[in-house]
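One letter stands for each residue in the lines below.
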Amino acid sequence: METRFTRGKSAILERPLTRPKTEVSVSAFALLFSEMVQYCQSRVYSVSELQARLADMGQAVGASLLDVLVLREKNGKRETKVLNILLFIKVSVWRALFGKEADKLEQANDDDKTYYIIEKEPLVNSYISVPKENSTLNCAAFTGGIVEAILTHSGFPAKVTVHWHKGTTLMIKFDEAVIARDKALEGR
Amino acid sequence: MLMFCCCLLQNSELFTLTYGALVTQLCKDYENDEEVNKQLDKMGYNIGVRLIEDFLARSSVGRCQDFRETADVIAKVAFKMYLGITPSVTNWSPAGDEFSLILENNPLVDFVELPDNHSTLIYSNLLCGVLRGALEMVQMAVDVRFAQDTLRGDNVTEIRMKFIKRIEENLPAGDDQEERKMVFY
């Protein structure tokens, strides 16, 4: 059980959510991330397992980030439309995490469930050289996990996969129900 | 002395949350807190071994004359450069071989609470490994541990560093010694 229930009031709850911006160096993050990748690598047998583990860790980040961002950036207002939640990710989430907007947000031509977030040079990949024998490995699976958690916890269940395409592309596939709901909302 | 060039900065939240995700994962993977502490220290060590090169390249810090200078460089240059904080250096032992770094804000523990069943977890143990690894690469063996931690209810976060010995270096013949910046004690 969390301490705030067992030990009474936690000092963390008293702290304001908006704070002066604190910064750390990109090197510190890059080194930490590299250790994470190596740790995951030591416990798996395949590239897909490795990516799944990175995505799991990303999910933890996304889940913790969602509430604080909604409160801070949107004043507590939550998104109900697919396009808006995608824009929230492209703009607010990316700014909070990487200090910039995502390069591109696109919808698949032939499929209304599928969207792409395209990042030419993702921060998480900027210091990683992928070995030849594992050329499909894309450590932005971590970012994919973040996005998946944010979508899922906002009520837009989706699967996010990572691909090497125009840099790195996160492919977001929403559940059928999400798209159906969105269409119903539009009709109103 | 205390000059360093700016390196790229990023919002500390991604760093804090990523570290949190890592510790959470370790807690799932290992049976007890001691194992997690050990693993964090090991990962920190690996980071430190690589970080020192980055540090020497970016900062214009030369070799330190004594352990006191090393302490200052760690607190005022290294911590500032990588974590954006400046711990204070205090509690020197009379012999001058042991001191404490007091961290007022530890970016690793922003919005972190330890659950009751992880009371022996040293959440930020990574930092000890980093310091140990980095100093080992400049021929100093040190012992680093957390003496106090706000996460565990202490008033401040205190990292205790003890100098053990100077590591004798065995450079391969032909290695350009002048080019390598070293800290001699």
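From a predicted model like this one, the values you see are computed outputs, not experimental measurements.

1. Quick look at the overall build of chain A
Now for step 1: Scanning chain A for helices and strands turns up seven helices and five strands.
Now for step 2: Helices and strands appear in chain A in the N-to-C order α-α-β-α-α-α-β-β-α-β-β-α.
Now for step 3: A buried classification covers 46% of the 188 residues belonging to chain A.
Now for step 4: When contacts within chain A are restricted to residue pairs at least 6 apart in sequence, long-range pairs at least 24 apart make up 56% of them.
Now for step 5: Counting only carbon and sulfur atoms, one obtains 52% of the accessible surface of chain A, whose full area is about 10,100 Å².

2. What about a nonpolar patch on the surface?
Now for step 1: On the surface, A:Leu17, A:Leu71 and B:Phe111 cluster together into a nonpolar patch covering about 230 Å² of accessible area.
Now for step 2: Note on placement: A:Leu71 falls in helix α4 (residues 47-74).

3. With respect to the confidence of the model for chain B
Low pLDDT marks stretches whose predicted atomic positions should not be read closely.
Residues and elements named next belong to chain B.
Now for step 1: Predicted confidence across chain B gives a mean pLDDT of 88, with 88% of residues reaching 70 or more.
Now for step 2: Per-element confidence in chain B ranges from a low mean pLDDT of 84 for strand β1 (residues 9-11) to a high of 97 for helix α4 (residues 125-136).
Now for step 3: Taken over the whole predicted complex, pTM reads 0.88, whereas the ipTM for its chain interfaces reads 0.90.

4. Points about helix α2 (residues 33-58) of chain B
Now for step 1: Here α2(B) contains 26 residues, and its C-alpha end-to-end distance of 35 Å stays within 8% of the 38 Å for a straight helix at 1.5 Å per residue.
Now for step 2: At the N-terminal boundary of α2(B), the capping side chain belongs to B:Asn32, with an oxygen 3.3 Å from the backbone nitrogen of B:Glu34.

5. Description of the interface of chain A and chain B
Now for step 1: Listed by partner, the interface residues are 40 residues for chain A and 39 residues for chain B.
Now for step 2: Summed over both partners, the interface of chain A with chain B comes to about 3,800 Å²; 60% of that surface belongs to carbon and sulfur atoms.
Now for step 3: Inspection of the region where chain A meets chain B yields three salt bridges.
Now for step 4: Residue A:Arg72 pairs with B:Glu13 through a salt bridge whose shortest N-O separation is 2.9 Å.
Now for step 5: For the pair chain A and chain B, the number of links is 12 residue pairs in polar contact (both at pLDDT 80 or more).
Now for step 6: Elements that contribute at least two residues to the side of chain A that touches chain B include exactly α1 (3-6), β1 (23-25), α3 (26-41), α4 and α5 (82-98) of chain A.
Now for step 7: Take the side of chain A that touches chain B: its biggest share by element is 11 residues, from α3(A).
Now for step 8: Split by residue class, the side of chain A that touches chain B holds 21 nonpolar, nine polar and 10 charged.
Now for step 9: Note that β1(A) and β1(B) share three bridges and pair antiparallel. In the strand pairing of β1(B), A:Ser25 is matched with B:Leu9.

6. Remarks on the packing of aromatic side chains
Now for step 1: In the structure shown here, the tally under the stated rule is 10 aromatic pairs over all chains.
Now for step 2: With 5.5 Å between their ring centres and 85° between their planes, B:Tyr19 and B:Tyr123 make a pair best called edge-to-face. Pair noted here: B:Tyr19 is in helix α1 (residues 12-29) and B:Tyr123 is in the loop between β3 (98-103) and α4, with a separation of 104 residues, a long-range link. Each of the two residues, B:Tyr19 as well as B:Tyr123, counts as buried.
Now for step 3: An aromatic cluster is defined as three or more aromatic residues linked by ring pairs; in this entry it consists of B:Phe67, B:Trp92, B:Phe99 and B:Phe163.
Now for step 4: Looking at A:Arg43, its charged tip hangs above the ring of B:Tyr30, at a distance of 5.3 Å from the centre.
Now for step 5: Here the basic side chain of A:Arg181 rests over the ring of A:Phe156, its NZ or CZ set 4.9 Å away from the ring centre.

7. Some details on the sheet that holds strand β4 (residues 140-148) of chain B
Sheet strands pair by backbone hydrogen bonding; their relative direction is either parallel or antiparallel.
All names here are of chain B.
Now for step 1: Spatially, β2-β3-β5-β4 is the arrangement adopted by the four strands of the open sheet, whose pairing is antiparallel. At either margin of the open sheet sits one strand with a lone partner, and together these are β2 (88-90) and β4. Taken pair by pair, the neighbouring strands of this sheet meet at an average axis angle of 30°, ignoring direction.
Now for step 2: Strand direction decides the pairing type here: β3 and strand β5 (residues 157-166), joined by six bridges, are antiparallel. Within the sheet, the bridge partner assigned to Leu-103 lies in β5 and is Thr-157.
Now for step 3: Here helix α3 (residues 67-83) sits on the sheet in contact with β2, β3, β4 and β5, set at roughly 15° to β3.
Now for step 4: Docked against the sheet, α4 engages β3, β4 and β5, running at close to 165° with respect to β4.

8. Observations regarding the environment of B:Glu104
Now for step 1: Tracing the backbone through its elements, the reader meets B:Glu104 in the loop between β3 and α4.
Now for step 2: On a C-alpha basis, the gap between B:Glu104 and B:Ser88 in space is 8.5 Å, while along the polypeptide they are 16 residues apart.

9. Remarks on α5(A)
Residues and elements named next belong to chain A.
Now for step 1: Counted at 1.5 Å a residue, the expected span for α5 with its 17 residues is 24 Å, and the 22 Å between its end C-alpha atoms agrees.
Now for step 2: Taking the largest bend as the criterion, α5 deviates by roughly 30°, centred on Ile-89.
Now for step 3: A large share of α5 lies buried, amounting to 12 of its 17 residues.
Now for step 4: Burial in α5 covers these residues: Val-82, Ile-85, Leu-86, Phe-88, Ile-89, Lys-90, Ser-92, Val-93, Trp-94, Ala-96, Leu-97 and Phe-98.
Now for step 5: Two residues or fewer past α5, Gly-99 is found with a positive phi of approximately 75°.

Calculation criteria
- Residues numbered from 1 in each chain as written.
- Chains lettered and ligands numbered in written order.
- Predicted model: local features only at pLDDT ≥ 70, side-chain atom pairs only at ≥ 80, totals over all residues.
- Heavy atoms only, no water.
- Helix = DSSP H or I, 4+ residues; strand = E, 2+ residues; numbered from the N terminus.
- Buried < 20%, exposed > 50% of the residue type's maximum accessible area, 1.4 Å probe, protein only.
- Contact = heavy atoms within 4.5 Å.
- Areas by Shrake-Rupley, 256 points an atom, 1.4 Å probe, with all protein chains shown as cover.
- Patch = residues over 30% accessible without salt bridge, like charges linked within 9 Å, V, L, I, M, F, W, Y side chains within 5 Å.
- Salt bridge = Lys/Arg side-chain N within 4 Å of Asp/Glu carboxyl O.
- pLDDT = per-residue confidence, 0-100.
- Expected span 1.5 Å × (residues − 1).
- Polar contact = N/O pair within 3.5 Å; in protein donor to acceptor, adjacent residues only side chain to side chain.
- Buried area = accessible area lost by both parts, 1.4 Å probe.
- Nonpolar A, V, L, I, M, F, W, Y, C, P; charged D, E, K, R; others polar.
- Pairing = 2+ DSSP bridges.
- Phe/Tyr/Trp six-rings, centres within 6.5 Å; stacked < 30°, edge-to-face > 60°.
- Lys NZ or Arg CZ within 6 Å of the ring centre and 35° of its normal.
- Axes fitted to C-alpha atoms, helices over the stretch in contact; angles between N-to-C directions.
- Bend = angle between axes of the 7 residues up to and from the residue.

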